[in-house]
Every structure is written in structure tokens, then in C-alpha cells.
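# Close look at the chain arrangement
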Amino acid sequence: MAKRALPNHVGFIPDGNRRWAVQRGLSKEEGYRFGIEPGLALFEQCKKLGIPEVSVYGFTQDNTKRASPQIQAFRSACVEFALEIARRGAALLVVGKYGSKQLPDELREFQTRQGEGIKVNFLANYHWEWDLDGLKEGEIRSRDVSQLDLIVRWGGGRRLSGFLPVQSVYADFFVVDDYWPDFKPGHLDQALAWFKHQDQTLGG
């Protein structure tokens, strides 16, 4: 069975910001701003490696049920991250419930892909049911996002949490137990090394 080298599309679930903050005596909402620099470092690492496409979980519709200070904090962190990677050369597409007041105004211009370079699909105010409801109109709403080869999740969780269910059907899943703000480049290196030794059968 064929082994794979570099994946064409990697998904990232950066979890554990709140737990990281609480462990350090901070409020839960303070954890989100400590996830911005790791996100930028990961983006630069993917660019340097030549990974053509990445998808990043920003926040979900379910996340907007959290306390107001947390909502404001993760929305602000997501906007700062997204605008910065756009400035650094991402071909950015924001995928999430368009027309919702929970989608930050600063991200609305990216409802169609903007820019050149590495493709980044940023999930903001995303929900899998909203995505699949697009089938009533002929296509899923994340139709411009390709099939995922690998998903990396921080924070120790062993679940997709609704992350791009159609594109994830044959993705390999790598878990990092460290919380997202403790990201190190070695986390991605380990995931890619592990990925190289996975068999791609696609059910065959």
C-alpha cells in the first residue's frame, strides 16, 4: 500500500486556550489572545514546508453560547489572526454562517477567497449543519474547501467537534496533548512524520 509524503491539505483544531489560562490563574477569556502568535507561527511553518492548503477552526456557532467576555475575546483573536495572515500572503477564505451578527464585520470580505499563495480556510461562526444545509440548494456551503488528508488537534481531545465533516471522511487524525498556547513547531513535525507512515486505502 502506498505511503504518503507531504499532505495536500491539513486541518487544525487549536483547542485548550481556556484550560491553559485557568492553569495559570488567568480568566478563561484571557487564554484566547495567547493563541494568536502560535497560529501565526504555524501558518509560517506551513508556508515554509510548502503545504498547499490548510483549514483552521476559529470558532463555531456553538461557541457563541459561552459567556459574553469569552465571545468578545475569541472573536477579537480570530479577527487579528485572520487579517494578519491575509497581510502575510494567505489566499484566505472564511467559512461560516454568512449574514449572522456573530460573524465579525472585518471578515465578511473573505466570504469569497481573497489573495494569492497558500490557501487558508478559516472557520468562523461555523456549524456542520449550516454547511450541509447547503445541499438543499445543490452544494454544501464549504464546497470550495478540498478533501482533508490530515487533521491535527491540540488539547488532548479525540473528536472532530463538527470540523468539516464532508472533507474529513478519510483524513488521518493526530492528537497533541499539549494545550494550543503551548504550540511548538515540533508538534507539526511529529504529525507529518506520523502521517508519512499511514496507509492510504480510501476504503479499498
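Structure report, in brief. (Residues numbered from 1 in each chain as written. Predicted model: local features only at pLDDT ≥ 70, side-chain atom pairs only at ≥ 80, totals over all residues. Heavy atoms only, no water.)

### As for the pattern of salt bridges
Put simply, the test is: Each salt bridge in this description consists of a side-chain nitrogen of Lys or Arg and a carboxyl oxygen of Asp or Glu lying within 4 Å of one another. In DSSP terms, a helix is any run of H or I states spanning at least four residues, a strand is any run of E spanning at least two, and both are numbered starting from the N terminus.
Scanning all chains against the criterion turns up 14 salt bridges. Here Arg-87 makes a salt bridge to Glu-84, at a shortest N to O gap of 2.6 Å. Of the two residues, Arg-87 and Glu-84 both sit in helix 3 (residues 68-87), 3 residues apart, roughly one turn of that helix.

### Regarding the side chain of Asn-121
Going by this rule: Any residue under 20% of the maximum accessible area for its type is buried, any over 50% is exposed, and the rest in between are partly exposed; the area is computed with a 1.4 Å probe on protein chains only. Whether two residues are in contact is decided by their heavy atoms: any pair within 4.5 Å suffices.
Mapped onto the elements of the fold, Asn-121 is located in strand 4 (residues 119-126). The exposure class assigned to Asn-121 is buried, which follows from its relative accessible area of 0%. Those residues in contact with Asn-121 that sit more than four places away from it in its chain are His-9, Glu-53, Val-54, Ser-55, Val-56, Leu-93, Arg-113 and Val-145.

### A closer look at the packing of helix 2 (residues 36-49) against helix 5 (residues 185-195)
Rule in force here: Axis definition: a line fitted to C-alpha atoms, over the contacting stretch in the case of helices. Angles run 0 to 180 degrees between N-to-C directions. Orientation is classified from the angle alone, with under 35 degrees giving roughly parallel, over 145 giving roughly antiparallel, 65 to 115 giving roughly perpendicular, and any other angle giving oblique. By definition, turning the near helix anticlockwise from the far helix through less than a right angle yields a left-handed crossing, and turning it clockwise yields a right-handed one.
Contact pair helix 2 / helix 5: the axes reach a minimum separation of 10 Å and the direction vectors enclose 45°. As the angle between them shows, helix 2 and helix 5 are arranged oblique. Note on packing geometry: the crossing formed by helix 2 with helix 5 is right-handed. In contact with Leu-42, Gln-45, Cys-46 and Leu-49 of helix 2, helix 5 contributes Pro-185, Leu-188, Asp-189 and Leu-192.

### A closer look at the nonpolar core
Inclusion rule: Grouping buried Ala, Val, Leu, Ile, Met, Phe, Trp, Tyr and Cys residues that are joined through side-chain atoms within 4.5 Å yields what is termed a nonpolar core.
Counting 42 residues, the largest nonpolar core has Phe-12, Phe-122 and Val-152 as the members making the most contacts within it. Sorting elements by how many residues they give to this core places helix 3 first, with 9 residues. Other than its neighbours up to four places away in sequence, Val-152 contacts Val-10, Gly-11, Phe-12, Ile-13, Phe-174, Val-176 and Ala-191. Grouped together as the second largest cluster of nonpolar side chains are 13 residues, Val-95, Val-145, Phe-163 and Ala-171 included.

### Some points on the environment of Arg-87
Threshold: Residues adjacent in sequence count toward polar contacts only when both atoms are side-chain atoms; beyond that, a polar contact is any pair of N or O atoms within 3.5 Å, and within protein one must be able to donate a hydrogen and the other to accept it.
Since its relative accessible area comes to 60%, Arg-87 is described here as exposed. A C-alpha to C-alpha distance of 9.0 Å links Arg-87 and Gly-115, two positions 28 residues apart in sequence. A distance of 2.6 Å separates polar atoms of two side chains, one belonging to Arg-87 and the other to Glu-84.

### Structural notes on the side chain of Gln-70
As for its placement among the helices and strands, Gln-70 is situated in helix 3. The exposure class assigned to Gln-70 is buried, which follows from its relative accessible area of 8%. What Gln-70 contacts, discounting residues up to four positions off in sequence, is Arg-18, Lys-28, Glu-29 and Tyr-32.

As far as function goes, none of this settles anything; it's purely spatial.
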